[in-house]
Amino acid sequence: MDTTADLLETPLHSLHLELGARMAGFAGYDMPIQYPMGVMQEHLHTRANAGLFDVSHMGQILIRAKSGDLRDAALALEKITPVDVADLKPGRQRYGLFTNDQGGLEDDFMVANRGDHLYLVVNAACKHDDLARIKAALSDTCEIEAQFDRGLIALQGPAAEGVLSSYAPDAEDMMFMDVAELEIAGVPVVVSRSGYTGEDGYEISLPADETDRIARLLLADDHVAPIGLGARDSLRLEAGLCLYGNDIDETTTPVEANLKWAIQKVRRTGGARQGGFPGAEAILGHFDNGASRVRVGLQPAGKAPVRAGAQLFEHEAGGEAIGSVTSGGFGPSAGGPVAMGYVPSDLAATGSKIYAEVRGKRLEMAVAALPFVPSTYKR
């Protein structure tokens with residue numbers, strides 16, 4: 001986390017302080033890590049009711065084809081991502097990946113078809129690099145607009161639908177990965193039925209100067225509590241979702257990261273638009289021949305959490321490290337410690353026994369199926 005004094009602030013910064021948040025630097029922003037409720041209770045509240053997250057630090061980018069034809073923008077974007085953008089229907093969103101020439105992951109993002117333009121949400125720490133990447137590849141044929149000053153909040157949990165639809169009734173009819181323009185208390189907002197907690201919920205993009213008012217409006221509902229980055233991390237870990245910079249980075253390919261599902265058949269070998277993206281040879285080679293390592297869920301045998309960075313071994317004593325833990329901690333809903341990491345493909349079967357080295361001792365772990373807690377998306 002950042003420790004510099006010149007951190008940026010989101011439109012909700014004053015609200016976080018008013019609510020008693022413990023703040024810390026994250027991706028260049030002063031962000032709430034937890035509120036007085038504490039990480040454990042924030043996590044459980046989101047699973048049982050609804051949590052409101054400030055994700056305004058993330059980057060929002062619009063792409064329009066100069067020709068006026070959205071498909072031209074989609075095909076242009078496909079030059080720098082292995083996902084199928086051109087067949088994405090209006091009002092729908094999907095998970096995307098930026099890759100490099102070696103097949104590694106430069107970032108993950110969400111992309112939506114908004115009818116006359118594409119709407120992207122990219123990670124905070126990568127947003128300036130992502131914008132430069134998009135401009136370098138698409139500027140000849142597309143208009144690119146960064147909306148980095150726009151607010152973004154996530155309302156997550158089983159009560160999210162009831163809370164949001166009380167202000168915007170059409171939210172109730174949205175399904176997982178739908179995107180629509182709605183209105184909350186007179187404010188036009190762009191809403192996606194998605195999030196990064198494994199729970200049903202919404203992400204709401206709105207003008208910066210209205211973000212505080214709308215956040216307070218949602219928080220006035222008894223079902224809704226403010227949730228910090230600490231619980232956001234434990235929620236996404238239980239859901240088996242990657243955190244860029246931890247579980248995926250420029251050295252991991254989509255196949256190694258267990259993200260094969262994110263690359264549709266049309267972009268794979270034999271598909272109508274196979275390849276044509278950075279690192280295609282390496283990535284499609286992994287599809288066709290397999291990768292030597294893969295991201296898996298890991299369940300420690302004891303009660304002690306195993307944190308990111310712990311080395312993994314095949315045996316209880318001796319031998320070289322075979323991989324490492326990339327995310328780990330206590331899973332409040334899972335009822336015990338959970339982790340993710342990379343292991344050789346021949347040890348990736350569910351139930352395989354391996355060992356993590358923690359403070360000089362090797363602790364038994366088992367490869368576990370992901371997610372640790374079932375997702376509750378409305379499909």
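Chemist: It is not clear to me how the side chain of Glu256 should be interpreted in this structure. Could you clarify?
Modeler: Mapped onto the elements, Glu256 comes out in the loop between helix 7 (229-238) and helix 8 (280-289). A residue is classified by how much of its surface remains accessible, and Glu256, at 9% relative accessible area, is buried. Here the side chain of Glu256 touches Thr253 through a polar contact of 3.0 Å, landing on its backbone nitrogen. At 3.4 Å, the side chain of Glu256 and the side chain of Arg293 are in polar contact.

Chemist: Looking at this structure, I do not really get a nonpolar patch on the surface. What am I missing?
Modeler: Together, Met40, Leu44 and Phe330 make up a nonpolar patch on the protein surface, roughly 230 Å² of accessible area in all. Along the chain, Phe330 falls in strand 16 (residues 323-331). A relative accessible area of 36% means that Phe330 is categorised as partly exposed.

Chemist: Is there a simple way to explain helix 2 (residues 39-48) in this structure?
Modeler: Residues of helix 2 that are buried include every one of Glu42, His43, His45, Thr46 and Arg47, and no others. The elements touched by buried residues of helix 2 are strand 2 (29-34), strand 3 (50-54), strand 9 (151-156), strand 13 (224-226) and helix 7.

Chemist: Before we go on, may I ask you to explain unusual backbone geometry in this structure?
Modeler: For residues besides glycine, phi is generally negative; the peptide bonds are generally trans as well. For the bond running from Leu370 to Pro371, omega is 0°, close enough to zero to count as cis. Position of Pro371 relative to the elements: it lies in the segment after strand 19 (361-368). The phi angle at Ala27 is positive, at roughly 55°, despite the residue not being glycine. Among the residues examined, Ala27 registers a relative accessible area of 27% and is labelled partly exposed.

Chemist: For this particular structure, what's the right way to read the sheet that holds strand 7 (residues 118-122)?
Modeler: The strands that make up a sheet are held in pairs by hydrogen bonds between backbone atoms, and each pair lies either parallel or antiparallel. An order of 5-6-7-4-8 is seen for the 5 strands of this open sheet, with the pairing classed as antiparallel. With one partner strand each, in any of the chains shown, strand 5 (93-99) and strand 8 (142-146) form the two edges of the open sheet. Across the sheet, the mean angle from the axis of one strand to that of its neighbour is 25°, orientation sign disregarded. Of the strand pairs in this sheet, strand 5 and strand 6 (residues 105-113) are connected by 7 bridges, and their pairing is antiparallel. Its bridge partner being in strand 6, Arg94 is matched across the sheet by Val111. Where helix 4 (residues 127-138) meets the sheet, it contacts strand 4 (59-65), strand 5, strand 6, strand 7 and strand 8, and its direction lies at approximately 165° from that of strand 8.

Here is what the cut-offs are and how they apply
- Within every chain, residues take consecutive numbers counted from 1 along the sequence as written.
- Two thresholds apply to this predicted model, a pLDDT of at least 70 for residue-level local features and 80 or more for giving and counting side-chain atom pairs, whereas whole-chain, interface and lining totals are computed over all residues.
- Each side-chain value is derived from all of the structure's non-hydrogen atoms; neither hydrogens nor water enter the calculation.
- Labels follow the DSSP assignment, with helices taken as runs of H or I lasting at least four residues and strands as runs of E lasting at least two, numbered in each case from the N terminus.
- Burial here depends on accessible area, computed with a 1.4 Å probe over protein chains only, as a share of the maximum for the residue type. Under 20% is buried, over 50% is exposed, and the range in between is partly exposed.
- Counting of polar contacts relies on pairs of N or O atoms within 3.5 Å, with two restrictions inside protein: one atom must be capable of donating a hydrogen and the other of accepting it, and residues adjacent in sequence are counted only when both atoms are side-chain atoms.
- To count toward a patch, a residue needs a relative accessible area above 30% and no salt bridge. Like charges then connect within 9 Å, nonpolar side chains (Val, Leu, Ile, Met, Phe, Trp, Tyr) within 5 Å.
- Under the convention used here, a 1.4 Å probe and the Shrake-Rupley method define accessible areas, while residue burial counts only the protein chains that appear.
- Any carboxyl oxygen of Asp or Glu that lies within 4 Å of a side-chain nitrogen of Lys or Arg is treated as forming a salt bridge with it.
- What makes two residues a contact is simply this: any of their non-hydrogen atoms within 4.5 Å.
- Think of it this way: DSSP has to see at least two bridges between two strands before they count as a pair.
- Inter-axis angles, ranging from 0 to 180 degrees, are taken between N-to-C directions of lines fitted to C-alpha atoms, where helices are fitted over the stretch in contact.

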